[in-house]
Amino acid sequence: MSGESPSIVLSYDHAASVVRRQAELVRTERASGRGVERVTLSESAGRVLAEPVVADRDQPPFARATRDGFACRVADLRAGGLRVVGQLRAGEAWTLGAIRPGEAVEIMTGAAVPPGADCVVMVEHVAAAEGWVTLTGARELAPGENIVPAGAEARAGDVVVPPGRRLGVAEIAAAAACGAAELPVFARPRVAILATGDELVDTTEKPLAHQIRNSNSYSLTQQVRAAGGEPGKTALVRDEKAATERAIRGTEDCDLILLTGGVSMGKYDFVEEALLALGAEFFFTGARIQPGKPVVFGRLMGTYFFGLPGNPISTMVTFALFGAPLLRAMGGETEARPRFGMARVEEEVRVKAGLTRFLPASIRSDVRGAHVRQIVWRGSGDLAAAAKANGFLVVPEAAERVAAGEIVTVLEI
Ligand code: AMP
Ligand code: MG
């Protein structure tokens, strides 16, 4: 051995704060080096906006009726019947000048309220006949009712979507409303995925009795894409120090290196040794979590790497907890935390204290909240259990039990 890799085992909170700190540095120090490309609006989903989307005119651009009804003055309507002097559809321009006292204009949702009117009374709240309209019942009407004033949502020049925001449904709709046919987005960081293990074969091969199909490269490819990365070099690596070093050296065109397996205490676990031999710096070499305790995070000549434990659920959880937030920051995203939520526990959970647990779980949400139930599992290799789960139930390091009915944190992947 060319030297011992350090042993830096942190609590979950501490490890997460170390990743957050590096993510902050990446966000600020590497901002200028980030490539920008233009994509059409319909191809922009999931990308990270590189420049602000700015309102090109007031929104709404005119005082907008939000109901079908009659545009008029509140004071007139309270006083008695109004004469209907015209009709206005959405998309139609009003040309007859300001409405006068005692007048109303029949108006449709989305039309521009004519000058002189200070409310739109809903069609359901009036009696209309033979060119006259009268309020029915003792309704309270206030000026401004059912009208959104011009510029109330955004003024021309306002930033509607800031850079660093991941483009989702609402952001894309807002950009469309600002007339953006294309958007500048950050280039996706390239991510190397190296799966170590002599027992591994690809899915296209027929495994021998003692061999295991490589699943981590596939789960990570999906998680990398979901976190805004572009899977770059992928490889299966033998459990030999030289082969591991060679594979790591071959990732030069990547912005982030993910290794799976080979980070435990076994005789043929070479990942840390190989990284050390290449001159890596380690931020941590373990976290008090289950699954995923041997997770490694560090930097090799300016390139961040994670050594993720090989058990498939450990790989998934450690990437979700530590890899995804860093990768999202590398991609220019401002908000890059793991997707935690809250849920009520359906059945008691018992664990040994000392590790923050992420237990495969079924989470059901409705409008009143979320419920969570642990899925029976046979440890961090149990992909059949993972496939039944849609998230993880989090038990804090100090807890030995969570009672039915308690509210816990859950992690979505
Ligand atoms: P390791 O972290 O290398 O000690 O591996 C822990 C367990 O995860 C072993 O049972 C491995 O066979 C399994 N494993 C490691 N890498 C993978 C992989 N890429 N796909 C599926 N299982 C894996
Ligand atoms: Mg291994």
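Scroll up to find the structure.
Residues numbered from 1 in each chain as written. Chains lettered and ligands numbered in written order. Predicted model: local features only at pLDDT ≥ 70, side-chain atom pairs only at ≥ 80, totals over all residues. Heavy atoms only, no water.

### As for the sheet that holds strand β9 (residues 126-129)
Point 1. Taken in spatial order, the 6 strands of this open sheet run β8-β5-β7-β6-β10-β9, and their pairing is mixed. Of all the strands in the sheet, the pair left with one neighbour each is β8 (119-122) and β9. On average, each strand axis in the sheet is tilted by 35° relative to the strand beside it, whichever way the strands run.
Point 2. Examined bridge by bridge, strand β5 (residues 69-72) and β8 share 4 bridges and lie antiparallel to one another. Across the sheet, the residue bridging to Phe70 is Val121, located in β8. (Pairing = 2+ DSSP bridges. Helix = DSSP H or I, 4+ residues; strand = E, 2+ residues; numbered from the N terminus. Axes fitted to C-alpha atoms, helices over the stretch in contact; angles between N-to-C directions.)

### Overview of the sheet that holds strand β23 (residues 303-308)
Point 1. With mixed pairing, the 6 strands of this open sheet are ordered in space as β17-β14-β18-β23-β22-β19. Strands with a single pairing partner mark the edges of an open sheet, and in this sheet they are β17 (230-237) and β19 (281-284). Sheet twist, expressed as the average angle between the axes of neighbouring strands with direction ignored, equals 20°.
Point 2. Here strand β18 (residues 256-260) pairs with β23 via 5 bridges, running parallel. Bridge pairing in β23 places Leu256 opposite Tyr304.
Point 3. On top of the sheet, helix α5 (residues 241-249) reaches β14 (190-196), β17, β18 and β22 (296-300); it is set at about 165° to β17, its chief contact.
Point 4. Contacting β14, β18, β19, β22 and β23, helix α7 (residues 312-330) runs over the sheet at an angle of about 170° to β23. (Contact = heavy atoms within 4.5 Å.)

### As for the site of ligand 1
Point 1. The full set close to ligand 1 counts 16 residues, and Glu199, Asn214, Ser215, Gly262 and Gly310 are the nearest of them.
Point 2. Separating a nitrogen atom of ligand 1 from a side-chain N or O atom of Asn216 is a distance of 3.3 Å.
Point 3. In this structure, an oxygen atom belonging to ligand 1 sits 2.9 Å away from a main-chain N or O atom of Gly310.
Point 4. In the complex, the protein chains occlude 78% of the 490 Å² of accessible area that ligand 1 would expose alone.
Point 5. Where the shell around ligand 1 is concerned, the elements lending two or more residues are β14 and β16 (212-213).
Point 6. Classifying every residue of the shell around ligand 1 by side-chain character gives 4 nonpolar, 10 polar and 2 charged. (Near = heavy atom within 4 Å. Polar contact = N/O pair within 3.5 Å; in protein donor to acceptor, adjacent residues only side chain to side chain. Areas by Shrake-Rupley, 256 points an atom, 1.4 Å probe, with all protein chains shown as cover. Nonpolar A, V, L, I, M, F, W, Y, C, P; charged D, E, K, R; others polar.)

### Description of the nonpolar core
Proteins that are soluble and globular tend to have nonpolar side chains buried together.
Point 1. Counting 59 residues, the largest nonpolar core has Leu258, Phe322 and Leu326 as its most contacted members.
Point 2. For this core, the element with the most residues is α7, which contributes 11 residues.
Point 3. Setting aside its immediate chain neighbours within four residues, Phe322 contacts Tyr12, Ala15, Ala16, Val19, Phe284, Ala287, Ile289, Val295 and Phe306. (Core = buried A, V, L, I, M, F, W, Y, C linked by side-chain atoms within 4.5 Å. Buried < 20%, exposed > 50% of the residue type's maximum accessible area, 1.4 Å probe, protein only.)

### Description of the environment of Leu135
Point 1. On the secondary structure map, Leu135 appears in strand β10 (residues 132-135).
Point 2. For the pair Leu135 and Arg78, spaced 57 residues apart in the sequence, the C-alpha separation amounts to 7.6 Å.
Point 3. When sequence neighbours within four positions are dropped, the list of residues in contact with Leu135 reads Leu77, Val121, His125, Val126 and Leu141.

### With respect to the environment of Glu281
Point 1. Positionally, Glu281 belongs in strand β19.
Point 2. Relative accessible area serves as the criterion here: at 37%, Glu281 is assigned to the partly exposed category.
Point 3. Between the alpha carbons of Glu281 and Asp118 there is a distance of 67 Å; along the sequence they are 163 residues apart.
Point 4. Ignoring anything within four residues of it in the chain, the contact list for Glu281 reads Gly298, Arg299 and Phe305.

### Topic: the side chain of Ser217
Point 1. Tracing the chain through its elements places Ser217 in helix α4 (residues 216-226).
Point 2. Polar contacts involving the side chain of Ser217 include one to the side chain of Asn214, which spans 2.8 Å.
Point 3. Those residues in contact with Ser217, other than ones at most four positions away along the chain, are Ile193 and Ala195.

### Focus on the packing of aromatic side chains
Point 1. Tallied over the entire structure, the rule returns 11 aromatic pairs.
Point 2. Judged by centre distance (5.8 Å) and plane angle (80°), the ring pair of Phe282 and Phe305 falls under edge-to-face. Of this pair, Phe282 sits in strand β19 while Phe305 sits in strand β23, and the two are 23 residues apart along the sequence. Neither Phe282 nor Phe305 differs from the other in exposure class; each is buried.
Point 3. Linked through ring pairs, Tyr12, Phe283, Phe284, Phe297, Tyr304, Phe306, Phe322, Phe340 and Phe358 together constitute an aromatic cluster.
Point 4. Arg34 extends its terminal NZ or CZ atom over the ring of Phe186, reaching a point 5.4 Å from the ring centre. (Phe/Tyr/Trp six-rings, centres within 6.5 Å; stacked < 30°, edge-to-face > 60°. Lys NZ or Arg CZ within 6 Å of the ring centre and 35° of its normal.)

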